[in-house]
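Notes for the structure review
Residues per chain are reported as follows:
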Amino acid sequence: AQSVTQPDIHITVSEGASLELRCNYSYGATPYLFWYVQSPGQGLQLLLKYFSGDTLVQGIKGFEAEFKRSQSSFNLRKPSVHWSDAAEYFCAVVLRPRNTGFQKLVFGTGTRLLVSP
Amino acid sequence: GAGVSQSPSNKVTEKGKDVELRCDPISGHTALYWYRQSLGQGLEFLIYFQGNSAPDKSGLPSDRFSAERTGGSVSTLTIQRTQQEDSAVYLCASSEGQSSYNEQFFGPGTRLTVL
């Protein structure tokens, strides 16, 4: 079945340490890939996206993600975590459309990031 | 400019009652989406509007759920005869167009609790 997997429900990282959040997808072809962040009481905010081209994409707030076709992965990274990064992070995919019509976002179940002092 | 707004922010209702959730998209955005975020379930797509029409209702979980959009702007999600399993955060998003290239901007959500 087509799916998006975020294997880590919770991750705790010390402030200043590096971060990697995992995302794997299971589709017949490479989808469009997204990472969103949801802070408490807030809506989702797009961090970055990958459609094609350079497999290392830069996003907002110092985040980056690397697409690895061989591993069907799109892991999110940040070199140095700040306390304000504590939030829930969602990986999402859209199947590459054959036309410009609508394709729904399919989300993973999310990873909650806790930042310790 | 103003983002996507949703009202109410919280709604507590009794089982069997009907509820209406409102979404005001970003002005000029033609595409509007509803998602449901349940504990441990992630986000589920419910319905998509392009203008006033809803070409994709595939995510609505039952016929108790319906949505409309009037004037190509405000949308209302209605849940009839609410059940406890309807308790969730309902998120609305809008985008400039229906293409996957168009970023979806999300509202803060309505937290629905069915007692």
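Residues numbered from 1 in each chain as written. Chains lettered and ligands numbered in written order. Predicted model: local features only at pLDDT ≥ 70, side-chain atom pairs only at ≥ 80, totals over all residues. Heavy atoms only, no water.

1. Observations concerning the sheet that holds strand 8 (residues 75-79) of chain B
The strands making up a sheet associate through backbone hydrogen bonding, with each pair oriented either parallel or antiparallel. All names here are of chain B. Taken in spatial order, the 4 strands line up as 1-3-8-7 in an open sheet, and their pairing is antiparallel. Each having just a single partner strand, strand 1 (5-7) and strand 7 (65-69) make up the two edges of the open sheet. Taking each pair of neighbouring strands and ignoring which way they run, the sheet shows an average axis angle of 15°. Of the strand pairs in this sheet, strand 3 (residues 19-24) and strand 8 are connected by 5 bridges, and their pairing is antiparallel. Note on strand 8: the bridge partner recorded for Cys 23 is Ser 75. (Pairing = 2+ DSSP bridges. Helix = DSSP H or I, 4+ residues; strand = E, 2+ residues; numbered from the N terminus. Axes fitted to C-alpha atoms, helices over the stretch in contact; angles between N-to-C directions.)

2. Thoughts on the environment of Arg 22 of chain A
Residues and elements named next belong to chain A. Topologically, Arg 22 is positioned in the loop between strand 3 (19-21) and strand 4 (24-26). Each C-alpha atom, one on Arg 22 and one on Ala 65, is 9.8 Å from the other, the two residues being 43 residues apart in sequence. Sequence-distant contacts of Arg 22, defined by excluding residues within four places in its chain, comprise Thr 5, Gln 6, Pro 7, Asp 8, Trp 35 and Asn 75. Looking at Arg 22, its side chain comes within polar contact range of the side chain of Asp 8, at 2.9 Å. (Contact = heavy atoms within 4.5 Å. Polar contact = N/O pair within 3.5 Å; in protein donor to acceptor, adjacent residues only side chain to side chain.)

3. Side note on the state of the cysteines
The full count for this structure, using the stated rule, is 2 disulfides over all chains. Between Cys 23 of chain A and Cys 91 of chain A runs a disulfide, and the two sulfur atoms are separated by 1.9 Å. Handedness here is read from the sign of the S-S torsion; for Cys 23 of chain A and Cys 91 of chain A, about -65°, the answer is left-handed. Separated by 68 residues along the polypeptide, Cys 23 of chain A in the loop between strand 3 and strand 4 and Cys 91 of chain A in strand 10 (residues 87-94) bring together distant segments of the chain. Judged by relative accessible area, Cys 23 of chain A falls into the buried class, the value being 0%. Looking at Cys 91 of chain A, the relative accessible area reads 0%, which means it is buried. Each sulfur in the disulfide pair Cys 23 of chain B and Cys 92 of chain B lies 1.8 Å from the other. Between Cys 23 of chain B and Cys 92 of chain B, the disulfide has an S-S torsion of -65° and is therefore left-handed. Taken together, the residues Cys 23 of chain B in strand 3 and Cys 92 of chain B in strand 9 (residues 88-95) connect sequence positions 69 residues apart. Cys 23 of chain B sits in the buried class, given a relative accessible area of 0%. Taking the relative accessible area as the measure of exposure, Cys 92 of chain B reaches 0% and is therefore buried. (Disulfide = S-S within 2.5 Å. Buried < 20%, exposed > 50% of the residue type's maximum accessible area, 1.4 Å probe, protein only.)

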